[in-house]
Amino acid sequence: MIQGRQETSVEPAFSHFFPFEFDAFQLEAMNHIRAGRSVMVAAPTSSGKTLVAEYALWRAVTGGSRAIYTTPIKALSNQKRRDLEALFPGKIGLLTGDRSENPDAPIVVMTTEVLRNMLVEDTDALHWTTCVVFDEVHYLADQDRGTVWEESIITCPRHVQLVCLSATIANAEEIASWISETHREISLVRHDERPVPLEHYYFTHGQLHLVRDEWGERRAMFPREGRLEAPHPADVLRAMNRANLLPAIWFAFSRAAAEWAAEACIKSAPRPSARQLERIEEQIAWTLDILPGEDRNLPQLSTLIHLLRFGVGFHHAGLLPPLKELVERLFNDGLLSAVCATDTLAVGINMPARTVVISSLSRPFGGLLTPNDFSQLTGRAGRRGIDERGGVVMLPAKFYAFEEAYRDVSGPLLPVMSAFRLRYSTLLSIMEGREQRLENLVQSSLRQYQMKAKARQAALHAEEIRQALQLNDDDEELMALKEYLVLQSDLSIAEKEQKRARNARAKVRNQQTTRRYERAKDERERLVRQVRGHRAHGTAIVTEREDPARLAALRRLHSLEGVIRQAERESDQEAAETAAAVRAVLTRLGYVTKKGLARKARGLREIVAPAGIVLSELYESRAFDRLGPEDLAEAVSWFASDARRRRDNGYRLSRELARLRRQAVDTYARIAAMEETEGIELAQGPSPWFYGVAYAWCHGDSVEDITTVVEMGEGDVVGVLNKTVDLLDQFEGMLIQYGDHRLIATSSEARRLLVRGLVAMVRSGDRFAESEVEGSVIRAMP
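Computed from a predicted model, the values in this text were never measured in an experiment.

Calculation criteria
Residues numbered from 1 in each chain as written. Predicted model: local features only at pLDDT ≥ 70, side-chain atom pairs only at ≥ 80, totals over all residues. Heavy atoms only, no water. Helix = DSSP H or I, 4+ residues; strand = E, 2+ residues; numbered from the N terminus. Rg over C-alpha atoms; globule rule 2.2 N^0.38 Å. Buried < 20%, exposed > 50% of the residue type's maximum accessible area, 1.4 Å probe, protein only. Areas by Shrake-Rupley, 256 points an atom, 1.4 Å probe, with all protein chains shown as cover. Lys, Arg positive; Asp, Glu negative; His and termini not counted. Charge placed at Lys NZ, Arg CZ, Asp CG, Glu CD. Arc of directions from axis to C-beta. Pairing = 2+ DSSP bridges. Contact = heavy atoms within 4.5 Å. Axes fitted to C-alpha atoms, helices over the stretch in contact; angles between N-to-C directions. Expected span 1.5 Å × (residues − 1). Phe/Tyr/Trp six-rings, centres within 6.5 Å; stacked < 30°, edge-to-face > 60°. Salt bridge = Lys/Arg side-chain N within 4 Å of Asp/Glu carboxyl O. Disulfide = S-S within 2.5 Å. Core = buried A, V, L, I, M, F, W, Y, C linked by side-chain atoms within 4.5 Å. Parallel < 35°, antiparallel > 145°, perpendicular 65-115°, else oblique. Left-handed = near helix turned anticlockwise from the far one by under 90°. Nonpolar A, V, L, I, M, F, W, Y, C, P; charged D, E, K, R; others polar. Patch = residues over 30% accessible without salt bridge, like charges linked within 9 Å, V, L, I, M, F, W, Y side chains within 5 Å. Polar contact = N/O pair within 3.5 Å; in protein donor to acceptor, adjacent residues only side chain to side chain.

Trainee: I would appreciate a short explanation of the overall build of the protein in the present structure.
Mentor: Along the backbone of the protein there are 31 helices and 19 strands. For the protein, whose C-alpha radius of gyration is 31 Å, the value lies close to the compact-globule estimate of 28 Å for 782 residues. Here the protein holds 782 residues, and 52% of them are scored as buried. With the model as given, the accessible surface of the protein reaches about 35,300 Å², and the carbon-plus-sulfur share is 48%. With 102 positive and 109 negative side-chain charges, the protein shows a separation of 5 Å between the mean positions of the two kinds.

Trainee: What am I meant to see in helix 11 (residues 299-308) here?
Mentor: In an α-helix, one turn spans 3.6 residues, which is why side chains three or four residues apart end up on the same side. All buried positions along helix 11 are accounted for by Gln300, Leu301, Leu304, Ile305, Leu307 and Leu308. Down the axis of helix 11, the buried side of the element spans an arc of 160 degrees, and every buried residue falls inside it.

Trainee: It is not clear to me how the sheet that holds strand 8 (residues 186-190) should be interpreted in this structure. Could you clarify?
Mentor: The strands making up a sheet associate through hydrogen bonds between their backbones, and the pairing can be parallel or antiparallel. The eight strands are arranged 4-3-5-2-6-7-1-8 in an open sheet whose pairing can be described as mixed. With one partner strand each, in any of the chains shown, strand 4 (100-101) and strand 8 form the two edges of the open sheet. Here strand 3 (residues 92-95) pairs with strand 5 (residues 107-111) via four bridges, running parallel. In the sheet register, Ile92 faces strand 5, and the bridge partner there is Ile107. Packing of helix 6 (residues 146-155) onto the sheet brings it into contact with strand 2 (66-71), strand 6 (129-134) and strand 7 (161-166), and relative to strand 6 it is tilted by some 155 degrees.

Trainee: I'm lost on helix 19 (residues 476-507) in this one. Help?
Mentor: Here helix 19 contains 32 residues, and its C-alpha end-to-end distance of 47 Å stays within 8% of the 46 Å for a straight helix at 1.5 Å per residue. Among the residues making up helix 19, those that are buried are Leu478, Ala480, Leu481, Tyr484, Leu485, Leu487, Leu491, Ala494, Gln498, Ala501 and Arg505.

Trainee: Help me understand the packing of aromatic side chains, please; the structure alone is not making it clear to me.
Mentor: Two descriptors summarise a pair of aromatic rings, namely the distance from one centre to the other and the angle between the planes of the rings. Counted under the stated rule, the structure contains 17 aromatic pairs. Centre to centre, the rings of Phe14 and Tyr55 are 5.1 Å apart; their planes meet at 70 degrees, and the pair counts as edge-to-face. Placement of Phe14 in helix 1 (residues 12-15) and of Tyr55 in helix 3 (residues 49-62) is noted, with a sequence separation of 41 residues between them. A relative accessible area of 0% means that Tyr55 is categorised as buried. For the ring pair Tyr139 and Trp149, a centre distance of 6.1 Å and an interplane angle of 25 degrees mean the geometry is stacked. With a gap of ten residues between them, Tyr139 in the loop between strand 6 and helix 6 and Trp149 in helix 6 connect regions that are remote in the sequence. Residue classification places Trp149 among the buried positions, given a relative accessible area of 1%. Clustering of aromatic rings is evident, with ring pairs tying together Phe14, Phe18, Phe20, Phe22, Tyr55 and Trp58.

Trainee: What should I look at first to understand the side chain of Ser445 in this one?
Mentor: Positionally, Ser445 belongs in the loop between helix 16 (435-443) and helix 17 (446-451). Of the residues examined, Ser445 reaches a relative accessible area of 1% and is grouped as buried. Among all residues touching Ser445, those that are not within four sequence positions of it are Glu150, Ile154, Trp178 and Phe420.

Trainee: Would you mind showing me how to read the pairing of strand 11 (residues 248-251) here?
Mentor: Across the two faces of strand 11 the burial is the same, with Ala248 and Trp250 and Ile249 and Phe251 all buried. Two elements, strand 11 and strand 14 (residues 355-358), share four bridges in a ladder whose sense is parallel. By the bridge assignment, Ile249 is partnered in strand 14 with Val356.

Trainee: Sorry if this is basic, but what is going on with unusual backbone geometry here?
Mentor: Residue Leu246 is joined to Pro247 through a cis peptide bond whose omega torsion reads 5 degrees. Relative to the helices and strands, Pro247 is located in the loop between helix 8 (233-242) and strand 11. Phi angles above zero are rare outside glycine, and Arg622 is one such case at about 65 degrees. Take Arg622: it is sitting in the loop between helix 24 (612-620) and helix 25 (629-637).

Trainee: Any chance you could explain the sheet that holds strand 11 here in plain terms?
Mentor: The strand order across the open sheet built from seven strands is 10-9-17-14-11-13-12, with neighbouring strands paired in mixed fashion. The open sheet has two edge strands, strand 10 (207-212) and strand 12 (312-315), and neither has a second partner. Neighbour to neighbour, the strand axes of the sheet diverge by 25 degrees on average, direction disregarded. Bridge count for strand 14 against strand 17 (residues 390-394) is four bridges, and the pairing is parallel. Within the sheet, the bridge partner assigned to Ile358 lies in strand 17 and is Met394. This element, helix 13 (residues 371-378), spans strand 9 (198-204), strand 11, strand 14 and strand 17 of the sheet and lies at about 140 degrees to strand 14. Against the sheet, helix 14 (residues 402-409) contacts strand 9, strand 10 and strand 17, and its axis sits at roughly 45 degrees relative to strand 10.

Trainee: I tried to follow the pattern of salt bridges on my own but got confused; where do I start?
Mentor: Side chains carrying opposite charge are able to pair once their charged atoms draw close together. Applying the stated rule across the entire model yields 30 salt bridges. Arg81 serves as the salt-bridge partner of Glu101, at 3.8 Å between the closest nitrogen and oxygen. Here Glu101, found in strand 4, pairs with Arg81, found in helix 4 (residues 74-87); they are 20 residues apart in sequence, far enough to count as distant. The residue Glu523 makes a salt bridge to Arg526 at a minimum N-O spacing of 2.7 Å.

Trainee: I keep staring at the side chain of Ser337 and nothing clicks. Help me out?
Mentor: Position of Ser337 among the secondary structure elements: in the loop between helix 12 (321-332) and strand 13 (338-341). Judged by its relative accessible area of 9%, Ser337 is buried. Discounting residues that sit within four places of it in the chain, Ser337 has contacts with Leu246, Pro247, Ala248, Ala269, Pro270, Gly311 and Val312.

Trainee: Even after reading the chapter, I still don't get the state of the cysteines, so can you show me in this structure?
Mentor: Note on terminology: a disulfide is the covalent bond linking the sulfur atoms of two cysteines. Tallied over the entire structure, the rule returns zero disulfides. Here Cys131 stays unpaired: no disulfide links it, and the sulfur of Cys156, its closest cysteine neighbor, is 9.6 Å away. A residue is classified by how much of its surface remains accessible, and Cys131, at 1% relative accessible area, is buried. Of the cysteine sulfurs around Cys340, a residue in no disulfide, the closest is that of Cys265, at 4.1 Å.

Trainee: Whenever I open this one, the nonpolar core confuses me. Can you help?
Mentor: In a soluble, globular protein the nonpolar side chains are often hidden away together inside. By size, the foremost hydrophobic cluster in this structure holds 174 residues, and its most contacted members are Ile613 and Phe624. The element that contributes the greatest number of residues to this core is helix 29 (residues 714-738), accounting for eleven residues. Other than its neighbours up to four places away in sequence, Phe624 contacts Leu615, Leu618, Tyr619, Leu632, Ala635, Phe731 and Leu743. Counting 36 residues, the second largest nonpolar core, distinct from the first, contains Phe25, Ala43, Leu57 and Leu94.

Trainee: Hey, could you run me through the packing of helix 10 (residues 274-290) against helix 12 in this one?
Mentor: Each pair of packed helices gets described by two things: the angle between the helix axes and the distance between those axes. Look at helix 10 against helix 12: their axes get within 11 Å of each other, and the N-to-C directions meet at 160 degrees. In terms of axis orientation, helix 10 runs roughly antiparallel to helix 12. Here the hand of the crossing between helix 10 and helix 12 comes out right-handed. When helix 10 is examined against helix 12, the residues Ile280, Gln283, Ile284 and Thr287 are found in contact with a partner set consisting of Pro322, Leu323, Leu326, Arg329 and Leu330. In terms of residue class, the contact of helix 10 with helix 12 is built from six nonpolar, two polar and one charged.

Trainee: Whenever I open this one, a positive patch on the surface confuses me. Can you help?
Mentor: A grouping of Arg626, Arg655, Arg659 and Arg662 is seen on the molecular surface, where their side chains present a positively charged patch. In this fold, Arg662 is placed in helix 26 (residues 655-678).

Trainee: Explanation requested: the packing of helix 19 against helix 20 (residues 511-533) in the structure shown.
Mentor: Where helix 19 contacts helix 20, the two axes come as close as 8 Å, and the packing angle between them is 155 degrees. In this view, helix 19 runs roughly antiparallel relative to helix 20, as classed from their interaxial angle. Regarding helix 19 and helix 20, the two cross each other, and that crossing is left-handed. The residue makeup of the contact of helix 19 with helix 20, split by class, is eleven nonpolar, five polar and eleven charged.

Trainee: Just checking my understanding: could you explain the environment of Tyr201 for this structure?
Mentor: Along the chain, the position of Tyr201 falls in strand 9. Judged by relative accessible area, which is 13%, Tyr201 ranks as buried. A C-alpha to C-alpha distance of 43 Å links Tyr201 and Leu115, two positions 86 residues apart in sequence. Beyond its immediate stretch of four places on either side in the chain, Tyr201 contacts Leu208, His209, Leu210, Val211, Leu245, Val392, Val393 and Met394. For Tyr201, the side chain forms a polar contact with the side chain of Glu199, separated by 2.7 Å.

So this is what it looks like as C-alpha cells:
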C-alpha cells in the first residue's frame, strides 16, 4: 500500500494502482458511478477526467459485464486502446470501421460512428454492455460529427450507464439536462479550476509583457496600442527563451503559416544537446525505416527533418501521419523547444506544453477567435506535475487592436449548440415504414431540446407564481377565472385587429377593407358579450379592486402558459415538418412506399455518409456496371472529399469516367432540387475539384507524384484516400444487401488497390508508441 494516501470511498483494488491522491471532483464522479448513476464530467484539459472513465470501466469489467469507450476520431481510438491496454492488459478490443481487434473483449474502444451504427442497426447490440464512455462529448457542437453523438445518446439502451467527459463548457447543465430527458438521469460534476494556472503575456515592441497573472488579475494594459504588424517569430521565441517559457506550441491558422513560423524559429530556438540530437536522429531513423521506400524523399519529409535537428517541428493536417507522430513523440519527450501547428492540434492530441503562442487573435477569413476557440488553444498550456504555471503569449496584428480583441476572446464561453442534421441512412434504419419513429428521433434531438428552452424557462416562472399564490388547479373558481383571462386575452387581440382594420379602411376604402373592418368589429363585440356574461366577470372586478397584485400575477401566469404552448407547438411542428420533408424525398425516389420500405432502402441504410443517397441512385441507374476496380475507386473518391476550397488540379479523366462524373453531378442536382422543394439539405454531391487522385494511386503513382499534379498536402492525399476506402466499405455493404456478387468482387479489388503504402500503414495503426508508456507510474490491473 502506498503511504500517505488519503482515505477515500473508492475501492482499494482500484485506487492502489494510482500513486497519487484523487481530486475532489474525481471522487464525486466516482461516487455517482458506484451508486449506479450516469455521470457527466465537465473539466479543463489535462485535469484528470479520464481517471473517472477508467474507474467506470474497471467496475464494469470486475462486475463481469462489458463496456465501450468511444472517441471522436480513429487516431484517438488507437491512442486510447494503447493507454487502456496498459491498465487492462489483454482485455481491450478495437473497432474503428477499418480495424477490428478482439471485438469480444470486455472493453472495446471504438469511434462514435461505429457505436451509432451498432445502435441504429441492432437495438440489442448492447445487451451485455453496462457502461458506455463518451469522450469529448462537447463534440455535440461539431458540424461534421455532432449528429453522430446525438444519435448515439438517443438510441442507447436505458440500462446502460453513461460516462460523458467534456471540456469546460458554458451550458453543461443544459447538456446534462437533455441527456437526462433523452436517455436517463445523469449527474453533472463540474470542475472549473485548471490543474496548472495560466499567465497571459503580450509581445509588443520587442518585449514580453505580463497582461494577466496566475490569479486572473490584470497587470498591464495597452489602451493606446493600435493595429501593428506581427513580430518575427524568431524575436518572440528569443524573448520566451529568456523568460523560461519554453517548450512552446506556436498556433498559426494556415499550414503555410505554421511551416513558415517553424523555419523562422530555428534562428533563435535553443539548440538540442549532443545527447538530445542523438535521440532525435534515432527517432528520425526509426520513422524512415517504417516509411515505404517511395515516400522517403518527399519534400515535406526533408523539410521537417531539417527543422527537427534544430529542435523545431511543425504539425498540421497535411502532414503525413507517421510524421505527425514523430513530432508528437519528440515534443512529449522534451526534445523539441517549439512546434508550430494549426489549431487542429488543440483537439484531442495529448501534447501539453509550457506555453502556447497564439500568433493572431483573429482567423484570416473568420474574424476574431471565439472565447471557446481561445479556451481550446490555451488548454494545451501548462504541464501537470512539471510546470507551476503555464503561459499564453499573444501577438499584435494589423487586423485588430489588442485590448479590444483580448477583451472579446477572453470573455465568457459560448454555449454548445446542437449541430443535429438528419441523414437518410439513419432515418431508413429507424423508420420501418412508420413516420412516428422518425418524428421521435427528431423530437429527442438536442436541437429540439434547445428550441424548447424558452418553454422550460417560462415553466419555471409559472411554477414560482403558482407556489406564491398557493394555487390549486382543482379549484373551480380558479378554473373559471383562468377561462375568463383567456377570453380577455382574445378580446385584446380582437381590439387590435379592429384598430388595424379601421386604419386600413381609412387609407383605402373599398369592398375588401370594409369587409375586413366589419368582421373585426363583429368579433370584438362578440367577445365583449362573452367577457361580460362570463361567470367569473364579477370575481375579476372584485379581485381587480381588492387584490390587483393577485390578478396581475394570474394574468402573468396565463401569459407564461401561452409562451409554453407556443414554444412547444413550434418545436413539435418543426420536428413533424422535417420528418415529413425527409419522408417526401424518400417517397419520391422510391425508398418508401405505402406498404413500407422498398427493396432499395435496404441498400441505402448501409451508407451513413451524406453522399449515400447519390451513390444509391447512381447504382440504381446501373452507372457502375461497366467499371473496373480502379474506375470504381475513382468514382467513389469524388464523394470522399468535403473540402470546400477549390484546389488546382491537373488531372484529366477518361471519356467514360468524365461521362460518369457528369451523371453524378446531374443526379445530385436532381436530389438537391427535391430537397430544396421540401426545405431540407442533406445530400452531398461529388467534389467539384477532387478527381483523378484515386485512379492515379490505384495505378501505382506515389504520394509525391500526386502532389505535383493536384494542389494538396501529402497528408491530405493519404487522408482522402483513407476516406475513400471507408466510403467504399459502406458502398460494398450496400452491394451485399443486394447480393450483387460481380460488383462486390470489383469493389473488393478496388479496396486492395487503394490500401497500399502509406494508406495501408495508416489503416493498420502502425504508430510509434508501444503498448505501454515508458516509465508509466500506473500499474496494470489484473
